[in-house]
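# Coordinate inspection notes
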Amino acid sequence: MRQLLEFIPIALFFIVYQLDGETMSLGSWSYTVDGIFTATAVLIAATALQFVVGSLLARHVEKRALWTFLAVLVFGGATLLLRDETFIQWKPTIFNWALALAFILFRFVGERTLMERTLGTQLHLPRAVWLRLNALWVGNFLIVGALNLYVAYSYSEATWVSYKLYSAIGFTLLLTVLTALLISPHLKDDGEGPEARVASDDA
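Every chain's residues receive numbers from 1 upward, in the order its sequence appears when written. The predicted nature of this model means local features are confined to residues of pLDDT at least 70 and side-chain atom pairs, given and counted, to a pLDDT of 80 or more, with totals for whole chains, interfaces and linings taken over all residues. Excluded from the side-chain calculation are hydrogens and water; included are all heavy atoms of the structure.

### Here we look at the overall build of the chain
Looking only at helices and strands, one finds 8 helices and 2 strands in the chain. Reading the chain from its N end, one meets helices and strands in the order α-α-β-β-α-α-α-α-α-α. For the exposure calls, accessible area comes from a 1.4 Å probe over protein chains only, and a residue counts as buried if that area is under 20% of its type's maximum, exposed if over 50%, partly exposed in between. A total of 203 residues make up the chain; the buried ones form 39% of that total. Throughout, a contact is declared for two residues whenever any of their heavy atoms are within 4.5 Å. When contacts within the chain are restricted to residue pairs at least 6 apart in sequence, long-range pairs at least 24 apart make up 65% of them. The helix and strand labels rest on DSSP assignments: H or I over at least four residues marks a helix, E over at least two residues marks a strand, and numbering proceeds from the N terminus.

This is the structure we're talking about:
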């Protein structure tokens, strides 16, 4: 359920973008939706609200949520200030490639991968499985980042907005399934089944 809630900002971004040119009125106030710029403003606001509420409920600041919010704020803010959609279009690529770099670096720093450092107290897996998981997630981040740029520069803005929503859901589900397939044989051995959380990095 929590992972589904993390898609709300992206879904709102998609919905608002579809209202491009529509005028909303409330009494004497009216506003005309300005395509990707209004959608980006909504994305920033929704991500900020999600971060604050999530932190209050968890009673601590999650680093992943913090970095997601900061990335949306920086790239979304640049898009609004400079009236240039390029920044928000590059955000998923830079964010995913930064995650890939972090996973690669931690692979060679110390004795544990980044995922093992995060979930090592909940999951007891052989070293080889942690390494395969690390490679899987690095591959996911690299592919997601590359495909985002391909769609952004090869297709229309509207197509990219749709791709942003559907790819975020699709890749997250695929990564969850592949991660579960790698972990499940070892969970049966331990008799434990804590859920591994997938980082939804495409807000």
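### With respect to the packing of helix α2 (residues 8-18) against helix α3 (residues 35-58)
Axis definition: a line fitted to C-alpha atoms, limited for helices to the stretch in contact. Angles are taken between N-to-C directions and run from 0 to 180 degrees. Two numbers describe how α2 lies on α3: the axes approach to 8 Å, and their chain directions differ by 155 degrees. As far as their axial angle goes, α3 and α2 are roughly antiparallel. Crossing of α2 over α3 shows right-handed handedness. In contact with Pro 9, Ile 10, Leu 12, Phe 13, Val 16 and Tyr 17 of α2, α3 contributes Gly 35, Ile 36, Thr 38, Ala 39, Thr 40, Val 42, Leu 43, Ala 46, Thr 47 and Gln 50. Gly falls in the polar group here, along with every residue not listed as nonpolar (Ala, Val, Leu, Ile, Met, Phe, Trp, Tyr, Cys, Pro) or charged (Asp, Glu, Lys, Arg). For the contact of α2 with α3, a count of residues per class yields 11 nonpolar, 5 polar and no charged. Orientation labels follow simple angle bins: below 35 degrees gives roughly parallel, above 145 gives roughly antiparallel, 65 to 115 gives roughly perpendicular, and whatever is left gives oblique. Should the near helix be turned counterclockwise from the far one by less than a right angle, the crossing is left-handed, whereas a clockwise turn marks it as right-handed.

### A short note on the pattern of salt bridges
For this analysis, a salt bridge means a side-chain nitrogen from Lys or Arg found within 4 Å of a carboxyl oxygen belonging to Asp or Glu. As enumerated under the stated definition, the model contains 3 salt bridges in all. One salt bridge in this structure joins Asp 34 and Arg 83, with 2.7 Å as the shortest N-O distance. Residue Asp 34 is located in the loop between β2 (29-32) and α3, and its partner Arg 83 is located in the loop between α4 (63-82) and α5 (86-108); the two are separated by 49 residues in the primary sequence. Under the relative-accessibility criterion, Asp 34 is labelled partly exposed at 29%. Looking at Arg 83, the relative accessible area reads 48%, which means it is partly exposed.

### Some points on the nonpolar core
Core analysis: the biggest nonpolar cluster contains 20 residues, and Phe 13, Ile 36, Trp 160 and Val 161 have the highest contact counts within it. Ignoring sequence-local partners within four residues, the contact set of Ile 36 consists of Phe 13, Tyr 17, Glu 85, Ile 88, Glu 157 and Trp 160. In this text, buried Ala, Val, Leu, Ile, Met, Phe, Trp, Tyr and Cys residues form a nonpolar core when linked through side-chain atoms within 4.5 Å. If you look at the next biggest cluster of nonpolar residues, it comprises 16 residues, including Met 115, Trp 130, Val 138 and Phe 141.

### Description of a nonpolar patch on the surface
Where nonpolar side chains cluster on the molecular surface, the patch consists of Leu 5, Ile 8, Leu 12, Ile 15 and Leu 19 and spans about 390 Å² of accessible area. Looking at the nonpolar patch element by element, the count peaks at 3 residues for α2. One can find Leu 12 in helix α2. Under the relative-accessibility criterion, Leu 12 is labelled partly exposed at 32%. Patch members must show over 30% relative accessible area and no salt bridge, and they are joined within 9 Å when carrying like charges or within 5 Å when they are nonpolar side chains of Val, Leu, Ile, Met, Phe, Trp or Tyr. Values of accessible area rely on a 1.4 Å probe in the Shrake-Rupley scheme; residue burial ignores everything except the protein chains shown.

### Focus on the packing of aromatic side chains
Stacked, tilted and edge-to-face are the three classes applied to pairs of Phe, Tyr and Trp rings, where Trp contributes its six-membered ring and a pair requires centres within 6.5 Å; stacked means planes under 30 degrees apart, edge-to-face means over 60, and tilted covers the rest. Per the counting criterion, the structure on display carries 8 aromatic pairs. Aromatic pair Phe 103 and Trp 137: ring centres 5.9 Å apart, planes at 15 degrees, arrangement stacked. On the criterion of sequence distance, the pair formed by Phe 103 in helix α5 and Trp 137 in helix α7 (residues 127-154) is long-range, its members being 34 residues apart. With relative accessibility at 4%, the residue Trp 137 sits in the buried group. One aromatic cluster in this structure is built from Phe 103, Trp 137 and Phe 141. Sitting above the plane of the Phe 108 ring, Arg 107 keeps its charged end 4.9 Å from the centroid. In our convention, an over-ring charge means Lys NZ or Arg CZ found within 6 Å of a ring centre and within 35 degrees of that ring's normal.

### Here's the deal with the packing of α4 against α5
Running from amino to carboxyl end, α4 crosses α5 at an angle of 155 degrees, the nearest separation of the two axes being 8 Å. The pairing of α4 with α5 is recorded here as roughly antiparallel in orientation. Note on packing geometry: the crossing formed by α4 with α5 is right-handed. In this structure, α4 contributes Trp 67, Thr 68, Ala 71, Val 72, Phe 75, Gly 76, Ala 78, Thr 79 and Leu 82 to the contact, and α5 contributes Phe 87, Ile 88, Lys 91, Ile 94 and Phe 95. For the contact of α4 with α5, the class distribution of residues is 10 nonpolar, 3 polar and 1 charged.

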